[in-house]
There are 6 protein chains.
Amino acid sequence: MTPLIEYEQASAQVRAVYDDIMTTRKTDYVNNLWKALANHPPTLERTWARVKELMGGAGSLDPVAREMIYLAVSVTNNCTYCIATHSAAARSKGMSEEMFGELMAIVGLANETNRLANGYRVEVDERYR
Amino acid sequence: MTPLIEYEQASAQVRAVYDDIMTTRKTDYVNNLWKALANHPPTLERTWARVKELMGGAGSLDPVAREMIYLAVSVTNNCTYCIATHSAAARSKGMSEEMFGELMAIVGLANETNRLANGYRVEVDERYR
Amino acid sequence: MTPLIEYEQASAQVRAVYDDIMTTRKTDYVNNLWKALANHPPTLERTWARVKELMGGAGSLDPVAREMIYLAVSVTNNCTYCIATHSAAARSKGMSEEMFGELMAIVGLANETNRLANGYRVEVDERYR
Amino acid sequence: MTPLIEYEQASAQVRAVYDDIMTTRKTDYVNNLWKALANHPPTLERTWARVKELMGGAGSLDPVAREMIYLAVSVTNNCTYCIATHSAAARSKGMSEEMFGELMAIVGLANETNRLANGYRVEVDERYR
Amino acid sequence: MTPLIEYEQASAQVRAVYDDIMTTRKTDYVNNLWKALANHPPTLERTWARVKELMGGAGSLDPVAREMIYLAVSVTNNCTYCIATHSAAARSKGMSEEMFGELMAIVGLANETNRLANGYRVEVDERYR
Amino acid sequence: MTPLIEYEQASAQVRAVYDDIMTTRKTDYVNNLWKALANHPPTLERTWARVKELMGGAGSLDPVAREMIYLAVSVTNNCTYCIATHSAAARSKGMSEEMFGELMAIVGLANETNRLANGYRVEVDERYR
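Residues numbered from 1 in each chain as written. Chains lettered and ligands numbered in written order. Predicted model: local features only at pLDDT ≥ 70, side-chain atom pairs only at ≥ 80, totals over all residues. Heavy atoms only, no water.

1. Details of the overall build of chain A
Going by this rule: Numbering of helices and strands runs from the N terminus; a helix is a DSSP stretch of H or I covering at least four residues, while a strand is a stretch of E covering at least two. Radius of gyration here is computed from C-alpha atoms only, and the compact-globule reference equals 2.2 Å multiplied by the residue count raised to the power 0.38.
When helices and strands are counted, chain A shows six helices and zero strands. For chain A, the α and β elements follow one another from N to C terminus as α-α-α-α-α-α. The C-alpha atoms of chain A give a radius of gyration of 18 Å, which is well past the 14 Å a tight globule of 129 residues would have. Dimensions of chain A, computed from the C-alpha atoms along their principal axes, are close to 55 × 30 × 30 Å.

Given below as structure tokens:
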């Protein structure tokens, strides 16, 4: 495992990101991903800036929809860390057990039908090109 | 490419599925995926039954959210056929260009951060297990 | 596209592989994959040696089973070239349309249930560890 | 981890699926996947119905071949749960260590050659289109 | 296909990115990816900013190594567009045919051995945790 | 987990591979992957022969570049075992923390832009075909 950089040992550059995470999320907890990325501060800064903007900034999609899209990708790629943390985030933003069940069912369906389309080598219909 | 089974040449079993697709979708068009799956009627029947239920049946998620989840998976897996047809379906159900842009940005972000979590070998925080 | 190395322009090292492909497969046709790999002769030699041994050599699995396993992977990964050529190979070795339909149904099922297991974060049962 | 629904706490709908699993498989054990899916009963019902039919129902492919195809996909996708349980299932249905070794070798080969075909951008031969 | 936004029809915001691409790359050509992303200007801006910095900015890795890493991912994911454009970029920065052959051989090897490690369910050695 | 074949219990064929691994790598340690593959000696032999040649033999790419390419694939595929062992190998051959950070940033970027190209269905520019 990558050593985690705790706040106490962190540089001023890293602390600024940790502070922004805690302020933005109204929490005193910084989760492990950020403490691992802190081993390479530019990646920490860039990644947090995009997560902050895309998952929490202004936009057309509501916060639960964003988390469910994020989960759909993470489940397809089998990223254990991302599934664990974003399941929690989606639930805290309002995803019910029923909604999670439907999400998983659609993720399963798409992963299946993607392969049927591949295996049967189906040409895209003229009207959908 | 797999030969497509047109309505005229289809068995009664296959025609019944084609009829249900057209009735359910209020269209006279059956797209190529179904005509390819018709080469194995049990797969045609099972797949349509699930698509009908999961993408269009009762549930907690609205139709656009379902299509966006489906797209998130298909883009991650790079299924050309599924991206083409479900982009069209999502738009016809109300996805705007702005919503599509945000969807793609989140799909891109998740595909990136999934790899950062993998590569940095981040252990799941106690509280998210 | 990678330029294809035709027999006439090929070096003696490349020709020896082409000759072995044609002799082994009892054909006068060398398909495009080999003509592309011929741009890097060591990769051509190594790859053909393994394909020859694993897909056609002695072993416990019959030739159709080997091709169906190969197809299950190629459909999961969406390799257009590999699906096209190995569908043909599987059929020439005895895969019926019915067998192909069942193969695709199981490939679809596994791609679906893999994601259900991921998303529901199911711990491996004690007895299967 | 998702909480597992044990038989004692399960609804009648869920118990009916558990009973069918145990009867079909001639065992008194229900493995964790089903107990996790029981959090969303429609997904439990649908998934078991398909697994029962595709992995154990009538068809052209023998039970070991079906399990090996399922394993080829699960290994390609790296689904730890599915690899663990279906390795056991395949062995119980007759897969020898030698057969498993050949299966893995072909899965490895296809995962390799899929990328060679991608990277060298090989066009599908006229005759295989 | 997504409609491409040409310079003439582009907004000032989009033109500024196109201008920076052409200046940075010392060319008068803007390739299709950017013209497609221009349908969602914030994604165009963010993506170009990161490509500019990560592929061309200061750092420890030389330009050819960066392109080969990028290609290794794109070939693994089978992104046709990315393979085509970054093969060209890598060659223009100094990748020889021999280097490309070795790159593809290692990409193939890793894709194979990744699956052997998955399928054989190999536990990480104490010393590498 | 697959039972590991220790040197003491190994056949002469397997011991010969273990001996070559230790000699080549100037170590008295054989890591778990090889002890697992030893359950199928032909796979052990073939895999080691290729790893030895491609990762350590003569060629145009330096040893660190080879390891970084291998890591880019393993992180994309999320192979825990391969990431752990090849991170160590890359570091022992000279990869700094800074180089690892840049590697991960590019792997993340490519995994993101691959999906943007997929989702926006970008046609390959004439000049890159």
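2. Observations regarding the relation of the copies chain B and chain A
Superposition of the two copies of the chain requires a rotation about an axis and a shift along the axis. We count it as follows: The copies are overlaid by a least-squares fit using only the C-alpha atoms of residues whose pLDDT is at least 70 in both copies. In what follows, residue pairs with any heavy atoms lying within 4.5 Å of each other are defined as contacts.
Here chain B sits on chain A after a turn of 180 degrees about the axis and a move of 0.0 Å along it, with an RMSD of 0.0 Å. One copy is carried onto the other by what is essentially a two-fold rotation axis. Interface overlap between copies is the fraction of interface residues in one copy that are interface residues in the other; for chain B against chain A it reaches 100%, indicating a shared surface.

3. Concerning the interface of chain B and chain A
Worth spelling out the cut-off: Summed over both partners, the accessible area lost on bringing two parts together, with a 1.4 Å probe, is the buried area. Salt bridge, as used here: a side-chain nitrogen of Lys or Arg that lies within 4 Å of a carboxyl oxygen of Asp or Glu. N or O atoms closer than or at 3.5 Å make up a polar contact, with two conditions inside protein: a donor-capable atom paired with an acceptor-capable one, and, for residues adjacent in sequence, both atoms drawn from side chains.
If you look at the interface, chain B gives 60 residues, while chain A gives 60 residues. Both sides of the chain B and chain A interface together cover about 5,700 Å² of buried area, and 68% of this is carbon and sulfur. Our count for the contact surface shared by chain B and chain A stands at two salt bridges. Where Glu112(A) meets Arg50(B), a salt bridge forms, and the shortest distance between an N and an O atom there is 2.2 Å. Inspection of the chain B/chain A interface yields 24 residue pairs in polar contact (both at pLDDT 80 or more). At the level of secondary structure, the elements contributing two or more residues to the side of chain B that touches chain A comprise helix H2 (32-37), helix H3 (41-56), helix H4 (63-77), helix H5 (80-92) and helix H6 (97-119) of chain B.

4. Notes on unusual backbone geometry
We apply this condition: Think of it in three bands: with a 1.4 Å probe and only protein chains considered, a residue is buried below 20% of the maximum accessible area for its type, exposed above 50%, and partly exposed in between.
One non-glycine residue, Arg121(C), lies in the positive phi region at around 50 degrees. On the secondary structure map, Arg121(C) appears in the segment after helix H6 (97-119). One non-glycine residue, Lys26(F), lies in the positive phi region at around 50 degrees. When you line up the elements, Lys26(F) lands in the loop between helix H1 (12-25) and helix H2 (32-37). Its relative accessible area of 76% is what places Lys26(F) among the exposed residues.

5. Description of the interface of chain D and chain B
The condition that has to hold: Charged residues are taken to be Asp, Glu, Lys and Arg, nonpolar residues to be Ala, Val, Leu, Ile, Met, Phe, Trp, Tyr, Cys and Pro, and polar residues to be all remaining types, Gly included.
Taken residue by residue, the interface counts six residues in chain D and six residues in chain B. Roughly 560 Å² of surface becomes buried between chain D and chain B when both sides are summed, with 47% attributable to carbon and sulfur atoms. The interface formed by chain D and chain B contains two residue pairs in polar contact (both at pLDDT 80 or more). For the side of chain D that touches chain B, the residue count by class is two nonpolar, no polar and four charged.

6. Brief notes about helix H6 (residues 97-119) of chain A
Residue and element names in this part refer to chain A. Worth spelling out the cut-off: Working rule for helices: expected span equals 1.5 Å times residues minus one.
In this model H6 runs 33 Å from its N-terminal to its C-terminal C-alpha over 23 residues, within 8% of the 33 Å that 1.5 Å per residue would give. When you tally the buried positions in H6, you get 21 out of 23 residues, the bulk of the element. Within two residues after H6, Arg121 carries a phi angle of roughly 50 degrees, on the positive side.

7. Overview of the relation of the copies chain D and chain B
Between the two copies, chain D and chain B, the superposition gives an RMSD of 0.0 Å; the rotation angle is 180 degrees and the shift along the axis is 0.0 Å. Both copies contact each other with a shared surface, as 100% of the interface residues of chain D are interface residues in chain B too.

8. A closer look at the state of the cysteines
Residue and element names in this part refer to chain D. We count it as follows: The disulfide criterion used throughout: a pair of cysteine sulfur atoms within 2.5 Å.
Following the criterion strictly, the structure yields six disulfides over all chains and no others. In this model Cys79 forms its disulfide with Cys82; the gap between the sulfur atoms is 2.5 Å. Where Cys79 bonds to Cys82 through sulfur, the torsion about that S-S bond is close to 50 degrees, and the disulfide is right-handed. For Cys79, a relative accessible area of 1% corresponds to the buried category. For Cys82, a relative accessible area of 3% gives the class buried.

9. Thoughts on the packing of helix H1 (residues 12-25) of chain C against helix H3 (residues 41-56) of chain C
Residues and elements named next belong to chain C. Just so we agree on the cut-off: Axis definition: a line fit to C-alpha positions, over the contact stretch in the case of helices; interaxial angles, taken between N-to-C directions, run 0 to 180 degrees. Any angle between 65 and 115 degrees counts as roughly perpendicular, while under 35 counts as roughly parallel, over 145 as roughly antiparallel, and the rest as oblique. Take the far helix as your reference; a near helix turned counterclockwise from it by less than a right angle gives a left-handed crossing, and one turned clockwise gives a right-handed crossing.
Packing of H1 against H3 brings their axes to within 10 Å, and their N-to-C directions diverge by 20 degrees. With respect to each other, H1 and H3 are oriented roughly parallel. The way H1 lies across H3 gives a crossing that is left-handed. When H1 is examined against H3, the residues Gln13, Val14, Val17, Tyr18, Asp20, Ile21, Thr24 and Arg25 are found in contact with a partner set consisting of Pro41, Leu44, Glu45, Trp48, Val51 and Lys52.

10. Overview of empty space enclosed by the protein
Just so we agree on the cut-off: A cavity here means a set of points on a 1 Å grid, drawn over the protein atoms and nothing else, where a 1.4 Å probe fits but cannot get out; a pocket is an open set with protein on both sides within 12 Å along at least five of seven lines, and a residue lines either one if it has an atom within 4 Å of a point. Grid points are joined across faces, edges and corners, and a volume is the space filled by probe spheres set on the points.
Inspection of every chain in the model, using the stated rule, returns seven cavities of 30 Å³ or more. Counted as a void, the largest cavity has a volume near 420 Å³. Surrounding the largest cavity, 27 residues form its lining, Asn77(A), Asn77(B), Asn77(D), Asn77(E) and Asn77(F) being those nearest its centre. Of all the elements in the fold, those that place two or more residues in the lining of the largest cavity are helix H4 (63-77) of chain A, H4 of chain B, helix H4 (63-77) and H6 of chain C, helix H4 (63-77) of chain D, helix H4 (63-77) of chain E together with helix H4 (63-77) of chain F. No other element matches H6(C), which puts three residues into the lining of the largest cavity.

11. Things to note about the packing of H3(C) against helix H3 (residues 41-56) of chain F
It is the contact of H3(C) with H3(F), at a shortest axis distance of 13 Å, that shows an interaxial angle of 175 degrees. One element, H3(C), and the other, H3(F), form an angle in the roughly antiparallel class. Judged by residue contacts, Arg46(C), Arg50(C), Glu53(C) and Leu54(C) of H3(C) engage Arg46(F), Arg50(F), Glu53(F) and Leu54(F) from H3(F). Looking at side-chain class alone, the contact of H3(C) with H3(F) contains two nonpolar, no polar and six charged residues.

12. Topic: the pattern of salt bridges
Two side chains of opposite charge can pair, provided their charged atoms sit close to one another. Residue and element names in this part refer to chain B. Following the criterion strictly, the structure yields 48 salt bridges over all chains and no others. Salt-bridge contacts for Glu6 lead to Lys35; the nearest nitrogen and oxygen are separated by 3.0 Å. Remark: Lys35 occurs in helix H2 and Glu6 occurs in the segment before helix H1 (12-25); sequence separation between them is 29 residues. Residue class for Glu6 comes out partly exposed when judged on its relative accessible area of 31%.

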